[in-house]
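Geometric and topological summary
Residues per chain are reported as follows:
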Amino acid sequence: MRTPRIVLFGATGFTGRLTAAALIARGARPLLAGRDPARLEAFAASLAVRPPTAVADVTRPESLCKIVGPGDVLISAVGPFMRWGEVAVMAATEAGAVYLDTAGEPPFIKRIFQRYGPAAGAGGAALITAFGYDYVPGNLAAALALRKAGSEAVRVDVGYFVRGDLAGRLSPGTRASALGILLEPMYGFREGRIVHEHGRTRAFLVGGRRRYGIAVGTSEHFALPPAHPGLREVNVYLGWLGRFTRAAGTLARVRPVLATLPGARRVTDALADRVMRAGRSPVPAGPAVSSQIIAEAYDARGRLLAAVELDGADPYDFTARILAWGATTALAEGVSGTGALGPVDAFGLDALTRACADAGLAAQTR
């Protein structure tokens with residue numbers, strides 16, 4: 001019986017490289033996995049402590065299954081997840097491992113909770129999807145707001161906003177993922193159930209300014225209601241588009257029509273492939289890009305009961321650091337439960353609050 005370990009799949013991608021460095025900074029020695037042995041070896045040699053490497057490719061699922069065993073923690077940074085993410089999920093499920101990913105794609109997140117979660121639970125595996133900037137901060141802020149609001153809370157709204165040149169910070173994988181979900185249906189949680197979402201927008205007061213966000217499907221819709229039985233509505237809004245947000249809402253409302261056009265999906269897939277091949281590197285992290293995440297809890301009459309804001313942190317830097325914390329914590333202490341889990345379910349609210357603060361996102365109640 002070998003000792004359980006952390007396996008980082010997609011280690012030579014942009015997010016994978018940041019995560020590998022963050023793991024080593026925490027004293028871990030992960031197994032770096034990817035499809036190109038030369039790139040793996042070169043990257044491993046560049047790190048402060050040289051970790052082991054292994055070749056694994058989504059086109060050969062058995063190659064990943066061979067290196068993931070019981071008790072391991074598998075981090076998947078291989079996106080777009082709608083196209084390439086399932087291999088890692090199945091490998092973790094079959095092994096009875098803890099699985100973390102960097103997915104932000106709503107349909108993939110929904111699939112984890114509705115399709116793969118039950119099988120993982122039966123096999124003793126834990127699947128923690130969207131464990132990065134997408135969407136740990138909103139889960140945390142909402143849980144803190146709901147704890148402060150108490151039993152009267154029936155609705156929580158979450159808004160994600162950034163300051164600075166986010167477009168310049170987007171990696172090729174993030175751009176490809178965004179293109180890949182253009183024609184996919186969105187969802188929300190209202191009247192106590194998952195429902196279709198059609199481009200709703202709303203304004204938040206952020207730093208003294210009104211800023212708009214567009215409704216999207218996230219892990220908050222699945223993770224928060226079981227932990228807060230009184231919740232009837234969960235809304236999550238992304239405000240990354242700035243002044244184009246409301247126009248994007250209009251486009252989202254006609255998405256069902258666009259999705260039926262002949263060849264539409266082939267066009268978006270081809271664009272995603274081109275973006276990945278282009279491989280333009282994001283600009284380095286710095287003070288020019290930072291995050292603000294707001295959660296507001298309301299009662300049945302629409303009265304604001306509590307609000308929490310998380311402030312700071314470059315999105316990619318936060319993702320790498322919280323993934324490294326989650327993986328090392330899961331390896332050393334395990335997680336609470338099996339099946340598909342939200343970040344608060346898996347690690348506990350207080351521990352996650354401290355970890356996010358260490359990763360650069362401090363909570364303030366307002």
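First, a word on what this report is: a plain description of the structure on this page. This one's a predicted model, so the numbers in the text were calculated from it and none came from an experiment.

**With respect to the overall build of the protein**
Counting its secondary structure elements, the protein contains 16 helices and 16 strands. Burial status across the protein gives 55% buried among its 366 residues. In the protein, the proportion of contacts linking residues at least 24 apart, taken out of those at least 6 apart, comes to 73%. On the protein, roughly 15,600 Å² of surface is accessible, and the fraction owed to carbon and sulfur atoms is 55%.

**Describing the nonpolar core**
Leu32, Phe131 and Phe318 are the most contacted members of the largest nonpolar core, which totals 74 residues. Not counting residues within four places of it along the chain, the set of residues in contact with Phe131 comprises Leu100, Asp101, Val136, Ile322, Leu323, Trp325, Gly326, Pro343 and Phe347. The next biggest cluster of nonpolar side chains, apart from the first, holds 28 residues, and it includes Val78, Val89, Ala92 and Phe108.

**Looking at the sheet that holds strand 1 (residues 6–9)**
Overall, parallel pairing links the 7 strands, which are arranged 3-2-1-4-5-6-15 in an open sheet. Of all strands in the sheet, those with a lone pairing partner are strand 3 (53–55) and strand 15 (339–340), marking the two edges. As judged from the 3 bridges shared by strand 2 (residues 31–34) and strand 3, these two strands associate in the parallel manner. Looking at strand 3, one finds that Leu32 is bridged to Thr53. Against the sheet, helix 1 (residues 14–25) contacts strand 1, strand 2 and strand 4 (73–76), and its axis sits at roughly 160° relative to strand 1.

**Here's the deal with the pairing of strand 8 (residues 186–190)**
Burial within strand 8 is extensive, with 4 of its 5 residues counted as buried. With 5 bridges joining them, strand 8 and strand 9 (residues 193–197) adopt antiparallel strand pairing. Each bridged residue has a counterpart across the sheet, and for Phe189 the counterpart in strand 9 is Ile194. As paired elements, strand 8 and strand 12 (residues 233–238) share 2 bridges and run antiparallel to each other. By the bridge assignment for strand 12, Phe189 is matched with Val234.

**Focus on the packing of aromatic side chains**
Counted according to the given criterion, the structure contains 10 aromatic pairs. Aromatic pair Phe204 and Tyr237: ring centres 5.8 Å apart, planes at 65°, arrangement edge-to-face. Separated by 33 residues along the polypeptide, Phe204 in strand 10 (residues 201–206) and Tyr237 in strand 12 bring together distant segments of the chain. The class of Tyr237 is buried, set by a relative accessible area of 4%. Taken together, the ring pairs connect Phe113, Tyr187 and Phe222 into an aromatic cluster. Positioned over the ring face of Tyr298 is Arg155, at 4.1 Å from the centre of the ring. One Lys or Arg, Arg202, reaches over the ring of Phe204 and ends 3.7 Å from the middle of that ring.

**So, the pattern of salt bridges**
Tallied over the full model, the rule gives 14 salt bridges. With a shortest N-O distance of 2.4 Å, Arg111 and Glu86 are connected by a salt bridge. You can see Arg111 sitting in helix 6 (residues 106–122) and its partner Glu86 sitting in helix 5 (residues 86–95), a full 25 residues away along the chain. Overall, the relative accessible area of 23% leaves Glu86 in the partly exposed class. With a closest N to O distance of 2.7 Å, Arg155 and Asp157 form a salt bridge. Given a relative accessible area of 1%, Asp157 falls into the buried group. A cluster of three or more residues bridged by salt bridges with shared partners is formed by Glu152, Asp299, Arg301 and Arg303.

**Examining the side chain of Arg211**
The topology assignment puts Arg211 in strand 11 (residues 209–215). Buried and unpaired, Arg211 has Asp311 as its nearest opposite-charge partner, separated by 8.6 Å. Other than its neighbours up to four places away in sequence, Arg211 contacts Phe161, Val162, Arg163, Arg202, Ala203, Phe204, Val206, Gly239 and Gln292.

The rules behind these values
- Residues numbered from 1 in each chain as written.
- Predicted model: local features only at pLDDT ≥ 70, side-chain atom pairs only at ≥ 80, totals over all residues.
- Heavy atoms only, no water.
- Helix = DSSP H or I, 4+ residues; strand = E, 2+ residues; numbered from the N terminus.
- Buried < 20%, exposed > 50% of the residue type's maximum accessible area, 1.4 Å probe, protein only.
- Contact = heavy atoms within 4.5 Å.
- Areas by Shrake-Rupley, 256 points an atom, 1.4 Å probe, with all protein chains shown as cover.
- Core = buried A, V, L, I, M, F, W, Y, C linked by side-chain atoms within 4.5 Å.
- Pairing = 2+ DSSP bridges.
- Axes fitted to C-alpha atoms, helices over the stretch in contact; angles between N-to-C directions.
- Phe/Tyr/Trp six-rings, centres within 6.5 Å; stacked < 30°, edge-to-face > 60°.
- Lys NZ or Arg CZ within 6 Å of the ring centre and 35° of its normal.
- Salt bridge = Lys/Arg side-chain N within 4 Å of Asp/Glu carboxyl O.
- Lys, Arg positive; Asp, Glu negative; His and termini not counted.

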